[in-house]
Amino acid sequence: MPEISSVDKSDERIKSRSRFREALIVPELGGICGTILVFAFFLLTAGESGMFNAAGVLNWSVVSAQFMIIAVGACLLMIAGEFDLSVGSMIGFAGMMIAIFSVNMDWPMWIAILVAFAICLATGALNGWICVRTGLPSFIVTLASLFILRGLTIFLPQTLENKTIIGGVREAAEGDWLAPVFGGKVLTGLFQWFGEIGVIATFERGVNKGMPVVDGIPMLIAWALALIVFGHVLLTKTRFGNWIFASGGDAESARNSGVPVNRVKIMMFMFTAFCATVFATCQVIEFGSAGADRGLLKEFEAIIAVVIGGALLTGGYGSVLGAALGALIFGVVQQGLFFAGVESSLFRVFLGIILLFAVVLNTYIRRIITGEK
Amino acid sequence: MESHLSPLIQMKHIEKHFGSVIALAGVSVDVFAGECHCLLGDNGAGKSTFIKTMSGVYKPTSGEILFEGRPMNFADPRDAISAGIATVHQHLAMIPLMSVSRNFFMGNEPLRKIGPMKFFDHEFANRVTMEEMRKMGISLRGPDQAVGTLSGGERQTVAIARAVYFGAKVLILDEPTSALGVRQTANVLSTIDKVRRQGIGVVLITHNVRHAMAVGDRFTVLNRGKTVGTARRGEIAPEELQDLMAGGQELVALESSLGGTV
Ligand SMILES: Nc1ncnc2c1ncn2[C@@H]1O[C@H](COP(=O)(O)OP(=O)(O)OP(=O)(O)O)[C@@H](O)[C@H]1O
Ligand SMILES: [Mg+2]
C-alpha cells in the first residue's frame, strides 16, 4: 500500500468554527433558548407578583417537577422509537389502585403502593410486549391502553363506592414508612435555618408563626431531579443508553449488530409506567384522594415537553436534559400566567408559540449535527 | 487453506422460506480458518439470505449449521457476535443519527468500571474508532461525527472496520466494496488478505470477478437459491466464473452485443 497522505494532518476540508458556535450546536438549544425567553418574559411581566419569592418559586417548581417526572420516561421511550399514550390514564389508574387498596381494602399503605407499582410496571411491560411481538405502532397499542385504563379507573370506584373520587388516603398513609418517600419533604432543617437567618420569609401569625413559608423541598421535586440524573446518565454514559439510541434509530440495523432491541423497548415502556406511577403516588398522597379524571392529557404534555427538549418524534435522537427544560418551560408558563394575572386560556397560545419556536430551532440544529436531509 | 483441518463453519443443506418464497433451497458451504470463501451469484440468488442464516439474523427453515464442529443454534445476532462472527451486511447496519464511535461499538460497547457501576468507555471507543478508520485510509473529522454526515463509501468503511475489529473467528462481508473508491477498495482487499493470514475465515460476497479472483481461495456460485458449484482458486478461469455467476449462456450473447465490455 502506498503511504496514505493527508491523514495525520489536520483536515483541510473543515472550516474552523468558533468555540461559541460549537458550544451552541447542542440538541438542547431549543430548550435552553425557550427557558431563557420564558424566564425573561415573566421577570418583566410578573416580577413583582411574588412569582420569584420562595413560595412562588416552590409553586412553579412543583408543577414543573410533575411535568419532568413524566417527561423523563416519555423521553427515553421516544428515543427508543416508541410512544406511550396511556401515561395519563395510568396516572389516574395507579392513583385509584392505591386509594382502593389502602382505603377500601384497608391494606397497609406501603403494600398498596408497591402493588400499584407492580401492576403498572406489568401493564407497561404488556404494552411493550404487544408492540414488539405484533410490530403494531405503539401509538395504536397504547391508545387502546389509554381507553382500557381510563375506563377501569372510572368503573372500579363507581362499582365499589358509587363515586368517582376516593378520599381518606392521607389518613391511611399516617405513620406509614413508604408514604413519606412520595409525600414527604426533604431538607426541612435547612429551610428552618433559612427562615431563622431571614433568607426565607416566615409566617407572621397563626399556628405556623415563626415557621418559614417554605419548610422543605417536596419529595416530588427530589424524584424529578433523581429521575433526570438517572435518565441522563443512563442515556449518555452507559451501554444501555447506546442500545436505546440504536433501537430507536433503526431497529433492524441495531438487531443485526447484536442489540437486544425488544428487551430495550419493553424496558423503556416499563420505565415510562414507573414514572407515571411515581407521579400518581406523589399526587394521591398530597391530595389525600384519588380521582377518576386525574392525569387527563398528561401523555400529550409529556410528549410536547420532550419535543421542545429536542427529541425526534420518530426516535433515535433526543436528550433527557432537553426534556427536563421542556417540562420546566411548561410548568413556568402555566403558573406564570396565573401570577401575571393573564387569562389562563392564553397558556395554550403561549405554549403553542414556544413549541413551534423550539421545534424549528431543534430541527435546524439536528440537521447540522446529524446530516439529516 | 489446509484441507486436513476441519472447517470452522459447515452449512449443510440450508433452506430458508419466507412464506411461499423459497429463498434458499438447500445450500451447502463450508469455511475453513484462514481461507477467503467467495459467494457469487446474480441478484436475488440468495447470497444475503444465506449469510444471514450464518450470522444469526435468520433461523434456517431446515438444514444444519456446525460451528467449530458443534451444532450451533444462534438465537439472535448477539450470540453469533459473541462467538466471534462479525458481519458487514449489505445494508450496513449503521444508525445515521448516531456518532461514528457509537455505531462502531453498537452491541459491543466497551465498559469501564467506576465503583460498582459500569459505564460506556467513550474515551476508549473514540480512540479505537479513529485508529481503525485511519488504518482503512479514511480520516474522520471526529469520532463524534454522526454517521449520517458521512459519504456512502465512508459509511461502508466504518462497517468494514467494525467487522474486522470484532470478527475474531469469522468475517462475513456482503458486497463490502460496492460504494468504495479505488484506494479504499484496494485497502479492503488487502485487509481481507491480512485477516485471512491471521487465520480468520472470510466469507466475501461480490459481483466483481476481479475482486473475487484477487483474494478468493474458493468460489461458490449460487443461482436461484441453489448451489451451482464450488471451485478452488486456479481451477477456474475468470471468464468461466463470470458466466456461472450470470446463470450461464445468456451472458455470452449479451456480452458480444456489448462488444465484450462486461
Ligand atoms: N424477508 C424476506 N421476505 C421475503 N422474501 C425475501 C426476503 N428476503 C429475501 N427474500 C427473497 O429471497 C431471494 C434472495 O434474496 P437475497 O437478498 O438473498 O439475494 P442476493 O443474492 O443477496 O441478491 P443481491 O445480489 O441483489 O444482493 C429474493 O428473491 C428475495 O426477494
Ligand atoms: Mg444481497
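Computed from a predicted structure; not experimentally measured. (Residues numbered from 1 in each chain as written. Chains lettered and ligands numbered in written order. Predicted model: local features only at pLDDT ≥ 70, side-chain atom pairs only at ≥ 80, totals over all residues. Heavy atoms only, no water.)

Digging into the overall build of chain A
To keep things clear, this is the line we draw: Each helix is a run of DSSP H or I of at least 4 residues and each strand a run of E of at least 2, with the numbering of both proceeding from the N terminus. The atom set for the radius of gyration is the C-alpha atoms, and the globule formula is 2.2 Å times the number of residues raised to the power 0.38. Burial here depends on accessible area, computed with a 1.4 Å probe over protein chains only, as a share of the maximum for the residue type. Under 20% is buried, over 50% is exposed, and the range in between is partly exposed. Note on contacts: a residue pair is in contact if any heavy atoms of the two residues lie within 4.5 Å. Here the Shrake-Rupley method, with its probe set to 1.4 Å, supplies the accessible areas, and only the displayed protein chains count as covering residues. In this tally, Lys and Arg are treated as positive and Asp and Glu as negative; His is ignored, and so are the chain termini. Charge positions come from single atoms, namely NZ of Lys, CZ of Arg, CG of Asp or CD of Glu.
Looking only at helices and strands, chain A features 16 helices and four strands. Taking 21 Å as the expected radius of gyration for a compact globule of 373 residues, we find that chain A reaches 23 Å, a close match to that expectation. Burial status across chain A gives 52% buried among its 373 residues. Of all intrachain contacts in chain A linking residues separated by at least 6 positions in sequence, the fraction that spans at least 24 positions is 77%. Surface exposure of chain A reaches about 17,200 Å², of which carbon and sulfur atoms provide 66%. Positive and negative charge centroids in chain A, built from 24 and 25 side chains respectively, lie 7 Å apart.

Here we look at the site of ligand 1
All names here are of chain B. Heads up, the rule is: Neighbouring residues are identified by heavy atoms, a residue being near a molecule or strand if any of them is within 4 Å of it. Between N or O atoms, a polar contact is any pair within 3.5 Å; within protein, one atom must be a potential hydrogen donor and the other a potential acceptor, and residues adjacent in sequence are included only when both atoms are from side chains. Nonpolar residues are Ala, Val, Leu, Ile, Met, Phe, Trp, Tyr, Cys and Pro. Charged residues are Asp, Glu, Lys and Arg, and all others, Gly as well, are polar.
Around ligand 1, 14 residues are found, and the nearest of them are Asn43, Gly44, Lys47, Ser48 and Thr49. Contact distances for ligand 1 include 2.7 Å between an oxygen atom and a side-chain N or O atom of Lys47. A distance of 2.6 Å is found between an oxygen atom of ligand 1 and a side-chain nitrogen or oxygen belonging to Ser48. Among the elements that line the shell around ligand 1, the one with the most residues is helix H1 (residues 47–54), at three residues. When its residues are assigned to classes, the shell around ligand 1 shows four nonpolar, seven polar and three charged.

Observations regarding the packing of helix H4 (residues 87–104) of chain A against helix H6 (residues 138–161) of chain A
All names here are of chain A. Formally: The axes are straight lines fitted to the C-alpha atoms, using for helices just the contacting stretch, and the angles between their N-to-C directions are given from 0 to 180°. Here roughly perpendicular refers to angles of 65 to 115 degrees, roughly parallel to angles under 35, roughly antiparallel to angles over 145, and oblique to all remaining angles. Here a crossing is taken to be left-handed if its near helix is turned anticlockwise relative to the far helix by less than a right angle, and right-handed if that turn runs clockwise.
One can describe the packing of H4 onto H6 by two numbers: an axis separation of 8 Å at closest approach and a directional angle of 25 degrees. Judged by the inter-axis angle, H4 sits roughly parallel to H6. Read as a crossing pair, H4 and H6 show a hand that is left-handed. Facing Gly88, Ser89, Met90, Gly92, Phe93, Met96, Met97, Ile100 and Asn104 of H4, the residues of H6 in contact are Leu146, Leu149, Arg150, Leu152, Thr153, Leu156, Pro157, Leu160 and Glu161. Grouping the amino acids of the contact of H4 with H6 by side-chain chemistry returns eleven nonpolar, five polar and two charged.

What to know about the coordination of the magnesium ion (ligand 2)
Worth spelling out the cut-off: Donor criterion used throughout: N, O or S atom within 2.8 Å of the metal, extended to 3.2 Å for Na, K and Ca. Water excluded; incomplete-looking sites may result.
Taken together, the protein donors to the magnesium ion (ligand 2) comprise Ser48(B) (OG) and Gln90(B) (OE1), at separations of 1.9 to 2.1 Å. Pair noted here: Ser48(B) is in helix H1 and Gln90(B) is in the loop between strand S6 (85–88) and helix H3 (100–104), with a separation of 42 residues, a long-range link.

Quick look at the sheet that holds strand S2 (residues 21–31) of chain B
Residue and element names in this part refer to chain B. Counted only if it meets this: Whether two strands pair depends on DSSP finding at least two bridges between them.
Ordered in space as S2-S1-S4-S5, the four strands form an open sheet in which the pairing is antiparallel. Two strands close off the open sheet at either side, each with one partner strand: S2 and strand S5 (70–71). Bridge analysis of strand S1 (residues 9–18) against S2 gives eight bridges, and the strand direction is antiparallel. Along S2, the bridge assignment pairs His17 with Ile22. Here H1 sits on the sheet and contacts S1, S2 and strand S4 (62–67); the angle it forms with S1, its principal contact strand, is near 120 degrees.

Description of the sheet that holds strand S11 (residues 218–223) of chain B
Residue and element names in this part refer to chain B. Read from one edge to the other, the open sheet built from six strands follows the order S6-S9-S10-S3-S11-S12, with strand pairing classed as mixed. A single partner strand is all that each edge strand has here, and the edge strands are S6 and strand S12 (226–232). Across the sheet, the mean angle separating the axes of adjacent strands is 15 degrees when strand polarity is ignored. For S6 and strand S9 (residues 170–174), the ladder comprises four bridges, and the chain directions are parallel.

Quick look at the interface of chain B and chain A
Definition in use: Computed with a 1.4 Å rolling probe, the buried area is the accessible surface lost when two parts are put together, summed over both parts. Here, a salt bridge means any side-chain nitrogen of Lys or Arg that lies within 4 Å of a carboxyl oxygen of Asp or Glu.
At the interface, 34 residues of chain B touch 37 residues of chain A. Where chain B abuts chain A, roughly 2,800 Å² becomes buried across the two surfaces, and 59% of that area is made up of carbon and sulfur atoms. Our count for the chain B to chain A interface comes out at one salt bridge. Elements with a contribution of two residues or more to the side of chain B that touches chain A: helix H2 (77–82), strand S8 (117–120), helix H4 (122–135), helix H5 (152–166) and helix H6 (182–197) of chain B. Per-element tally for the side of chain B that touches chain A: the top contributor is H6(B), with four residues. Class assignment of the residues belonging to the side of chain B that touches chain A gives a composition of 16 nonpolar, nine polar and nine charged.

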